Structure formats: C-alpha cells, structure tokens
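Reading the structure
Below, each chain spelled out in residue letters.
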Amino acid sequence: MRPPGAGPSRWSTAARRGLADESGSAGISTFVVVMTVIALLGLGVGGMRTFIGASDLKAASRAAARAAALEHDLGSARSVADVVVRSELTDAGQACENPAVNTDPGPDGFEPGGSVVVQLSCDVSYRGLFTPWSQGRKRITVTSTEPIDCLRGGGSRPVDDNC
C-alpha cells in the first residue's frame, strides 16, 4: 500500500500516457490458445476418421470382390459380397452408417475369365468432435475389381484354353 500524499503511482501515470491496461489479457490469451488447440485436435481426429474409414472400406470391398468372384452366378455373388462387407465392417469396428454394396459383372460379363466389380459406399460421421463441422458426415465410395477364376468361377461359358 502506498503512503498518503506519495504522488501518482507509475501505473496511473502509464494509464494517463495512453498505455493500455493489460489486466485480464492472460486469460483471454489462454482461452484463444486452448480453443485453437481443440480445433486442431478436432481437425486431426476428423481426418483420421476419414482415412481409417476409407481404409476399412477398401479392405471390405476387396474381400467382397474376392468372395464374389468364387461364386457360380451373379445372384450368389451379390449376396455373398453383401454378407462379407457387413462382416468385415463389423470386425473392423468401423462406425459406417448407411452402407451400400453394389456388385456387378465386369465388361466381359460374369463368366470365367471375366471380372466382378464391387462398389461400396458408406457415411463416416464426425459426431462427437467439438468443432463446427462435427455434426456432418462424409460419404466415401470405393471400388474393387477381381477376376473370375477360370476353374472356380461360374457362368455359362465352358472353360477353355483361352480363359
């Protein structure tokens, strides 16, 4: 405490000279830094969810295409691909919302020597992140193609040396 009549304090003199009072600015600076760190962490976690989701979807579509290529008809290939995709996504623990599996024959048809194409789409959610985009989701689509084995694949064409 200052003795009475000691004259103006240096703080009040600084305030009279136009220098800003900086009391409370540490709290504001801390708030800005903390919010920036939280936003960067949210951005990183959202990016990782997208990357891991796309990787899991690609692995599931490859497994589904391999399984579908071993079937003898397109109907069986479609049902097996659907089962394999759901099993792979469950095993991966991926929170894949609204998965859609599309299994079609390749350009040569569903015959030995041809191919089968599995297209898989899924929504990856950003819920739970403390960021402005945390309520959104991203639709990811991946495609895998697998050749139909000449000895095991189905179809109406007989297996020949040109397969």
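In the block above lies the structure referred to throughout.
These numbers were taken from a predicted model, which means no experiment stands behind them.

Digging into the sheet that holds strand β3 (residues 137–147)
Taken in spatial order, the three strands line up as β1-β2-β3 in an open sheet, and their pairing is antiparallel. One side of each edge strand has no neighbouring strand; the edge strands of this open sheet are β1 (96–105) and β3. The sheet shows a mean angle of 15° between the axes of neighbouring strands, taken without regard to direction. Summarising the sheet, strand β2 (residues 115–125) and β3 pair through eleven bridges and their orientation is antiparallel. Each residue of the ladder has a partner; that of serine 115, found in β3, is proline 147.

Points about the pattern of salt bridges
In this structure the tally under the stated criterion is three salt bridges. When the shortest N-O distance is used, the salt bridge between arginine 78 and aspartate 104 registers 3.1 Å. In this pair, arginine 78 sits in helix α3 (residues 74–92) while aspartate 104 sits in strand β1, placing the two residues 26 residues apart along the sequence. We classify aspartate 104 as partly exposed; its relative accessible area is 29%.

Some words on α3
Compared with an ideal rise of 1.5 Å per residue, which puts 19 residues at 27 Å, α3 spans 27 Å between its outermost C-alpha atoms and is within 8% of the ideal. Among all positions of α3, only Ala77, Ala81, Val84, Val85 and Leu89 are buried. Looking straight down α3, one finds its buried side chains confined to an arc of 125°; they lie on one side. The exposed residues of α3 that point more than 90 degrees off its buried face are Val83, Thr90 and Asp91. Packed against the buried residues of α3 are α2 (25–69), β1 and β2. Regarding α3, its N-cap is aspartate 73, as a side-chain oxygen of that residue lies 3.2 Å from the backbone nitrogen of glycine 75 further along. After α3 finishes, the residue glycine 93 shows a positive phi value of roughly 75°.

Focus on the nonpolar core
Across soluble globular proteins, nonpolar side chains show a tendency to be buried alongside one another. Ranked by size, the top nonpolar core spans 23 residues in total, and within it Leu57, Ala64, Leu89 and Leu120 carry the most contacts. For this core, the elements supplying multiple residues, two or more each, are α2, α3, β2 and β3. It is α2 that provides the largest number of residues to this core, a total of eight residues. The contacts of alanine 64, once residues within four sequence positions are left out, are Ala81, Val84, Val85 and Val118.

Side note on a nonpolar patch on the surface
Together, Ile28, Phe31, Val32, Val34, Met35 and Ile38 make up an exposed nonpolar region whose accessible area comes to about 540 Å². When you line up the elements, valine 34 lands in helix α2. With a relative accessible area of 40%, valine 34 lands in the partly exposed category.

Parameters at a glance
Numbers given to residues run from 1 along each chain, matching the order in which its sequence is written. The predicted origin of the model limits local features to residues at a pLDDT of at least 70 and limits the giving and counting of side-chain atom pairs to 80 or more, whereas totals for whole chains, interfaces and linings rest on all residues. Based on all heavy atoms of the structure, the side-chain values leave hydrogens and waters out of the count. Any two strands between which DSSP finds at least two bridges are classified as paired. Secondary structure follows DSSP: runs of H or I at least 4 residues long count as helices, runs of E at least 2 residues long count as strands, and numbering of each begins at the N terminus. Helix axes are fitted only over the stretch in contact, all axes being lines through C-alpha atoms; the angle between N-to-C directions runs from 0 to 180 degrees. Within this document, salt bridges are pairs made up of a side-chain nitrogen of Lys or Arg and a carboxyl oxygen of Asp or Glu, the two lying within 4 Å of each other. Each residue is placed in one exposure class: buried if its accessible area under a 1.4 Å probe, protein chains only, is under 20% of its type's maximum, exposed if it is over 50%, and partly exposed if it falls in between. Expected helix span is computed as 1.5 Å times (number of residues minus one). By definition, the arc is the one covered by directions from the helix axis to the C-beta atoms. Whether two residues touch is decided by their heavy atoms; if any such pair falls within 4.5 Å, the residues are in contact. Any N or O atom pair separated by 3.5 Å or less is treated as a polar contact, with the protein-specific requirement of one donor-capable and one acceptor-capable atom, and with residues adjacent in sequence counted only for side-chain atom pairs. By convention a nonpolar core is built from buried Ala, Val, Leu, Ile, Met, Phe, Trp, Tyr and Cys residues, the set being connected through side-chain atoms within 4.5 Å. Without a salt bridge and with relative accessible area above 30%, a residue can belong to a patch; like charges are then joined within 9 Å and nonpolar side chains (Val, Leu, Ile, Met, Phe, Trp, Tyr) within 5 Å. Where accessible areas are quoted, they stem from the Shrake-Rupley method and a 1.4 Å probe; at the residue level, only the protein chains shown are allowed to cover.

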